[in-house]
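Close look at the chain arrangement
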Amino acid sequence: MNTIYERIREGIWAAGKHYKRTGQRTLWINLSAADEWIENSPHVEVSVPVKALKSGKARAGSGFA
C-alpha cells in the first residue's frame, strides 16, 4: 500500500486512470491500467518470489504466483 500511495503522491499514477477515490478511506485500483504501467515501465524488474518457485505455483510469463 505504501508503494501505491507513493505512486499517487508523486503523480506517477493518474486519478481516473490508475486509481479512483470513492470516499475518504476508499481507494479503487484499476488493475488493468496498473498492469499496463508495469509492462511499459523499463525500470520494473519482473521476478517470481522464491516461495512460489519452491511450491511450484509460479506461472510462466508472470511475475506473480
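This report concerns the structure included in the present document. (Residues numbered from 1 in each chain as written. Predicted model: local features only at pLDDT ≥ 70, side-chain atom pairs only at ≥ 80, totals over all residues. Heavy atoms only, no water.)

1. With respect to the overall build of the protein chain
Scanning the protein chain from terminus to terminus reveals three helices and two strands. When the elements of the protein chain are put in sequence order from the N terminus, they spell out α-β-β-α-α. Here the protein chain, with 65 residues, has 17% of them falling under the buried criterion. Approximately 5,500 Å² of the protein chain is accessible, and the part contributed by carbon and sulfur atoms is 51%. (Helix = DSSP H or I, 4+ residues; strand = E, 2+ residues; numbered from the N terminus. Buried < 20%, exposed > 50% of the residue type's maximum accessible area, 1.4 Å probe, protein only. Areas by Shrake-Rupley, 256 points an atom, 1.4 Å probe, with all protein chains shown as cover.)

2. Here we look at helix H2 (residues 31–39)
Buried within H2 we find Ala 33, Ala 34 and Trp 37. The buried residues of H2 occupy an angular sector of 100° when the element is viewed end-on, so they sit on one face. Turned more than 90 degrees off the buried face of H2, the exposed positions are Leu 31, Ser 32 and Glu 39. Structurally, the start of H2 carries an N-cap: the backbone nitrogen of Ser 32 is 3.1 Å from a side-chain oxygen of Asn 30. (Arc of directions from axis to C-beta. Polar contact = N/O pair within 3.5 Å; in protein donor to acceptor, adjacent residues only side chain to side chain.)

3. Here we look at the environment of Thr 26
Secondary-structure assignment places Thr 26 in strand S2 (residues 26–29). Judged by its relative accessible area of 34%, Thr 26 falls in the partly exposed class. Leaving out residues up to four positions away in the same chain, Thr 26 has contacts with Lys 20 and Arg 21. (Contact = heavy atoms within 4.5 Å.)

4. Details of the pairing of strand S1 (residues 19–23)
Examined bridge by bridge, S1 and S2 share four bridges and lie antiparallel to one another. By the bridge assignment for S2, Arg 21 is matched with Leu 27. The turn linking S1 back onto S2 is made up of two residues. (Pairing = 2+ DSSP bridges.)

5. Considerations on the nonpolar core
Counting six residues, the largest nonpolar core is built from Ile 4, Ile 8, Trp 13, Tyr 19, Ala 34 and Trp 37. Secondary structure elements with two or more residues in this core: helix H1 (2–9) and H2. Among all residues touching Ala 34, those that are not within four sequence positions of it are Trp 13, His 18 and Ile 29. (Core = buried A, V, L, I, M, F, W, Y, C linked by side-chain atoms within 4.5 Å.)

6. Quick notes on the side chain of His 18
With respect to the element layout, His 18 can be found in the loop between H1 and S1. In this structure His 18 touches Ile 12, Trp 13, Trp 28, Ile 29, Asn 30, Ala 33, Ala 34 and Trp 37, once residues within four positions along its chain are discounted.

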